[in-house]
Amino acid sequence: MIGYYIHHQGRGHLHRALCIARHAKTPITALSCLPRPADWSGAWVRLAQDNGPGTTAADPAAHGRLHWAPRHHPGLRTRMADIAQWIRLFTPALLISDVSVEVATFARLMGIPVVVAAMRGERDDPGHRLAYDLADTLLAPWPETIPEPGWPDAWYAKTAHTGAFSRYDGRKHPERAVAGREVLLMLGAGGADMDETKLREAAQATPGWRWTVLGGPGGWTEDPWPLLCRSDVVVTHAGQNAIAECAAAHAPAVVIPQDRPHGEQHATARALTAASLATVCDTWPTPQEWPALLEWARHMGGERWSQWAPGDGAVRAARLIDSLATHHMQRGGSHPLLWEGVSCAQQ
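Below is a short write-up of the structure. Just so we're clear, the structure is a prediction, and the values are computed from it rather than from any experiment.

## Structural notes on the pattern of salt bridges
If the charged atoms of two oppositely charged side chains come close together, the side chains can form a pair. Applying the stated criterion across every chain, the model contains twelve salt bridges. With a closest N to O distance of 2.8 Å, Arg120 and Glu148 form a salt bridge. With a gap of 28 residues between them, Arg120 in the loop between strand E5 (114-117) and helix H4 (126-134) and Glu148 in the loop between strand E6 (137-140) and helix H5 (153-157) connect regions that are remote in the sequence. Judged by relative accessible area, which is 1%, Arg120 ranks as buried. Through salt bridges that share partners, Glu182, Arg210 and Arg230 make up one connected network.

Following this line, the structure appears as structure tokens:
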């Protein structure tokens, strides 16, 4: 058995877990404060929130050594106790952390091998160094040909590069209607650094283009695939999942990185620029810049996206964790011990 911690921010962590679980042969149990999605086939342990209202987050960084471990927080205490109970009951062969420094460290302290989902950006703070150092494997959902610069040699040596992957890998592209000038602005569920005024100005400056907005001030759909495929240009942030979905659709893209902890999206944007995969703007363009940007992105096309997302990244990731689980089980892991009168709340 494998444990898979899924962070609640945005939807990228969840989509990544779903993709890997569909291809993995080893049973996977999710550990998350998110509700269980309908298409998750394994066990799901619903964890307590560790950032809820009504409590004071005292010294959450533990004197700068961690990221989120506030003193005397009941949610944090409950979730860590539930994780410990689950590990004690089921003795997983390994645990995948996507992403929590504290959960990765906690599992390793209980003797469980850890796979950490790597992220781009500045990861040289004490918390990230701790998690990346103690990880048995770093899972990097980007190509080895476009590495994250500046990592220690020890991190590179244990990194498995799968290429980007998304829920749309292998999905058939619908037939396009009559070509037009359609823009899809995809803001995602993790927050946005733009407002309706900026959107209105961009649309007014590009009268020959029709804009559709998902997220933020726009609507939402659980399946944006048809919109991705029919759009002449996709304007999006630089989150791993959003970029992977653009790559799966081979959609010409204007990428505008948003401010995120550790500069993750700006680091991804730099990688895309270096590989000439998308049109990148560090900040939201002025109205006057939009017409040329959209035309340039459309001219650039999206065929080079296969360098970023080979189409079998989730299969590669699943094979990796199956192999690691088998290796660790052969060395003495995964021997479940049931406590009399104790149950672990798996939904």
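## A few points about the sheet that holds strand E8 (residues 182-186)
The strand order across the open sheet built from five strands is E9-E8-E10-E11-E12, with neighbouring strands paired in parallel fashion. Lying at the two open borders of the sheet, with one neighbouring strand each, are strand E9 (210-214) and strand E12 (279-280). Together, E8, E9, strand E10 (233-236), strand E11 (253-255) and E12 form the strand contacts of helix H10 (residues 290-300), whose direction differs from that of E10 by roughly 120°.

## A few points about the sheet that holds strand E2 (residues 28-32)
Read from one edge to the other, the open sheet built from seven strands follows the order E3-E2-E1-E4-E5-E6-E7, with strand pairing classed as parallel. The open sheet terminates on both sides in strands that have one partner only, identified here as strand E3 (43-46) and strand E7 (159-161). Sheet twist, expressed as the mean angle between neighbouring strand axes with direction ignored, is 20°. In this structure, strand E4 (residues 94-98) lies alongside E5, joined through three bridges in parallel fashion. Bridged to Leu95 within E5 is Val114. Strands strand E1 (2-6), E2, E3, E4 and E6 of the sheet are contacted by helix H1 (residues 12-23), whose axis makes an angle of about 155° with E1.

## Here we look at the pairing of E1
Counting buried positions over the five residues of E1 gives five, a clear majority of the element. Relative to E2, E1 is paired through four bridges, and the arrangement is parallel. Bridge pairing in E2 links Tyr4 to Ala30. In this fold, the crossover linking E1 to E2 by way of H1 has right-handed handedness. Relative to E4, E1 runs parallel, the two sharing five bridges. Pairing of Tyr4 across the sheet is with Ile96, part of E4.

## Some points on the side chain of Thr206
Following the sequence through the fold, Thr206 ends up in the loop between helix H6 (196-205) and E9. Classification of Thr206 as buried rests on a relative accessible area of 2%. Reaching out from Thr206, the side chain makes a polar contact with the side chain of Trp211 at a distance of 2.9 Å. In this view, Thr206 contacts Trp211, Trp290, Pro291 and Leu294; residues no more than four positions away in its chain are not counted.

## What to know about helix H11 (residues 313-330)
In a regular helix each residue adds 1.5 Å, so 18 residues correspond to 26 Å; H11 covers 26 Å between its end C-alpha atoms and thus fits that length. When H11 is considered as a whole, its buried residues turn out to be Gly313, Ala314, Ala317, Ala318, Ile321, Asp322, Leu324, Ala325 and His328. Buried residues in H11, looked at end-on, bunch into an arc of 165°, giving them a common side. In this structure, H11 carries Arg319 and Gln330 as exposed residues pointing more than 90 degrees from its buried face.

Reading guide: rules and limits
Starting from 1, residues in each chain are numbered consecutively following that chain's sequence as written. Residue-level local features of this predicted model are given only where pLDDT is at least 70; pairs of side-chain atoms are given and counted only at 80 or more, and the full residue set underlies all totals for whole chains, interfaces and linings. Side-chain numbers come from the whole structure's heavy atoms, not from hydrogens or water. Here, a salt bridge means any side-chain nitrogen of Lys or Arg that lies within 4 Å of a carboxyl oxygen of Asp or Glu. Helix and strand definitions here come from DSSP, where helices need a minimum of 4 consecutive H or I residues and strands a minimum of 2 consecutive E residues; each element is numbered from the N-terminal end. Burial status follows relative accessibility: with a 1.4 Å probe on protein chains alone, a residue under 20% of its type maximum counts as buried, one over 50% as exposed, and anything between as partly exposed. Two strands are said to pair when DSSP picks up at least two bridges between them. Any two residues whose heavy atoms approach within 4.5 Å are treated as being in contact. Geometry is summarised by axes, namely lines fitted to C-alpha atoms with helices restricted to the contacting stretch, and by angles between N-to-C directions that run from 0 to 180 degrees. Here a crossover is taken to be right-handed if, once the strands point away from the viewer, the path from the first strand over the helix to the second is traced clockwise. Any N or O atom pair separated by 3.5 Å or less is treated as a polar contact, with the protein-specific requirement of one donor-capable and one acceptor-capable atom, and with residues adjacent in sequence counted only for side-chain atom pairs. Given the number of residues in a helix, its expected span is that number minus one, multiplied by 1.5 Å. Arc, as used here, means the arc of the directions from the helix axis to the C-beta atoms.

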